[in-house]
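Letter by letter, the chains look like this.
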Amino acid sequence: MLSLDAMKKLREAYNPHRPEVEQEILEELGHPNREEIVETALNGMESNDRNVRVLMLRVLGGQSGEKALQGILAGLQDEKRRVRFVALQSCASYLHFPEVAKLLESMITNESEKRNIRQGALMYLANGAGEGGGIYSETAVEAIKDLYLSEEYRKRILFGLVQVELTKQVENLLKMFVELGSKDEAVMATKALCGYYVVHIDGYSDEARKQITQTCELALPRMHYWIQRGAFTEHRIRNLIPT
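To start, this report covers the structure provided alongside it. (Residues numbered from 1 in each chain as written. Predicted model: local features only at pLDDT ≥ 70, side-chain atom pairs only at ≥ 80, totals over all residues. Heavy atoms only, no water.)

1. Focus on the sheet that holds strand β3 (residues 224-228)
- Strands sit in the order β1-β3-β2 across an open sheet of three strands; the sheet is antiparallel. Whereas interior strands pair on both sides, the edge strands pair on one side only; in this sheet they are β1 (196-200) and β2 (217-219). Strand-to-strand twist in this sheet, taken as the mean axis angle between neighbours without regard to direction, amounts to 45 degrees.
- Pairing of β1 with β3, which is carried by five bridges, proceeds in the antiparallel orientation. (Pairing = 2+ DSSP bridges. Helix = DSSP H or I, 4+ residues; strand = E, 2+ residues; numbered from the N terminus. Axes fitted to C-alpha atoms, helices over the stretch in contact; angles between N-to-C directions.)

The following block contains the structure:
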């Protein structure tokens, strides 16, 4: 089992995830294996201290697999708002698990949940629909179709869909917005179907940001722009999912 100080060092590598720093820290810690890291994190998730649970979720965000998933699921259902929020931020590596989709949907529809958590869950659910055709994609698509019936969720679902990979599932959902959505929704969905997607410019290098702001169309909210799919890929430094 790793010490709390060791887990704090690992957190620095995983938030945001920096592979080069991770390797340096793992070497410094004597090369603990993934199983040891996950076991320590799961043990820490049982702590009464919410700050410890937050720390463990940050580390789990840099892991993957069914065992590590148990910590993410626990975090998404934690009684403390901050812990749930960090679990949401840490779930990107677990979007292919249907359990995650189901929990995200329940967070979205829970009216007693905090607004920023509900909005973040919507974005991650849409991002999950962009995963490459796995079980999670199917679960996410069904959840999105259910949520589509509520005007409260449609706008944010669409904004999430126009930011992800154009898988067959995402393409079908966008077509649904074209056929059944409002005029503005149909225009936005059509643009995404025609070779464009929305990016947050903070995910790019300084050089790319300048080019994007000067040559690309602004998408609401601010700091988001429409760019052609495949453009500026060499300048991307991280993938941002607004929460």
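2. Focus on the nonpolar core
- Counting 71 residues, the largest nonpolar core has Leu10, Leu125 and Leu161 as its most contacted members.
- Not counting the four nearest positions on each side in its chain, Leu10 is found in contact with Leu2, Ile25, Leu26, Leu29, Ile37 and Val59.
- Core analysis: the next-biggest nonpolar cluster, separate from the first, contains 10 residues, Tyr197, Ile212, Cys216 and Tyr225 among them. (Core = buried A, V, L, I, M, F, W, Y, C linked by side-chain atoms within 4.5 Å. Buried < 20%, exposed > 50% of the residue type's maximum accessible area, 1.4 Å probe, protein only. Contact = heavy atoms within 4.5 Å.)

3. Re the packing of helix α4 (residues 50-60) against helix α6 (residues 81-89)
- Running from N to C, α4 and α6 cross one another at 5 degrees; their axes reach a closest spacing of 9 Å. With respect to each other, α4 and α6 are oriented roughly parallel. Residues Arg50, Asn51, Arg53, Val54, Leu57 and Arg58 of α4 form the contact with α6, whose own contacting residues are Arg82, Val83, Val86, Ala87 and Gln89.
- Here the residues of the contact of α4 with α6 sort into five nonpolar, two polar and four charged. (Parallel < 35°, antiparallel > 145°, perpendicular 65-115°, else oblique. Nonpolar A, V, L, I, M, F, W, Y, C, P; charged D, E, K, R; others polar.)

4. Concerning the pairing of β3
- Taking burial as the measure, the five residues of β3 include four buried ones, the bulk of the element.
- Note: β2 against β3, three bridges, orientation antiparallel. Among the inter-strand pairings, Leu218 is bridged to a residue of β3, identified as Tyr225.

5. Quick word on the state of the cysteines
- Evaluation of the coordinates by the stated rule reveals zero disulfides.
- Take Cys194: it sits in no disulfide, and the sulfur closest to it among the cysteines is that of Cys216, at 16 Å.
- The class for Cys194 is exposed, based on a relative accessible area of 55%.
- By relative accessible area, Cys216 is classed as buried at 18%. (Disulfide = S-S within 2.5 Å.)

6. Re the pattern of salt bridges
- Evaluation of the coordinates by the stated rule reveals 11 salt bridges.
- Between Lys67 and Glu39 there is a salt bridge whose closest N-O contact spans 2.5 Å. Taken together, the residues span a long stretch of sequence, with Lys67 in helix α5 (residues 66-76) and Glu39 in helix α3 (residues 34-44) at a distance of 28 residues.
- On the accessibility criterion, Lys67 (38% relative accessible area) is partly exposed. (Salt bridge = Lys/Arg side-chain N within 4 Å of Asp/Glu carboxyl O.)

7. Description of the environment of Lys102
- Inspection of the secondary structure assignment puts Lys102 in helix α7 (residues 98-109).
- The class of Lys102 is exposed, set by a relative accessible area of 56%.

8. With respect to the packing of aromatic side chains
- In the structure shown here, the tally under the stated rule is two aromatic pairs.
- With centroids separated by 5.0 Å and ring planes inclined at 85 degrees, the aromatic side chains of Tyr148 and Phe177 adopt a geometry described as edge-to-face. Of the two residues, Tyr148 sits in helix α9 (residues 135-148) while Phe177 sits in helix α11 (residues 168-180), which places them 29 residues apart along the sequence. As far as the burial class goes, Tyr148 and Phe177 line up, both buried.
- The lysine or arginine in question, Arg154, covers the ring of Tyr148, its NZ or CZ lying 5.2 Å from the ring centre.
- Between Lys191 and the ring centre of Trp226, over which it is positioned, the NZ or CZ distance is 5.6 Å. (Phe/Tyr/Trp six-rings, centres within 6.5 Å; stacked < 30°, edge-to-face > 60°. Lys NZ or Arg CZ within 6 Å of the ring centre and 35° of its normal.)

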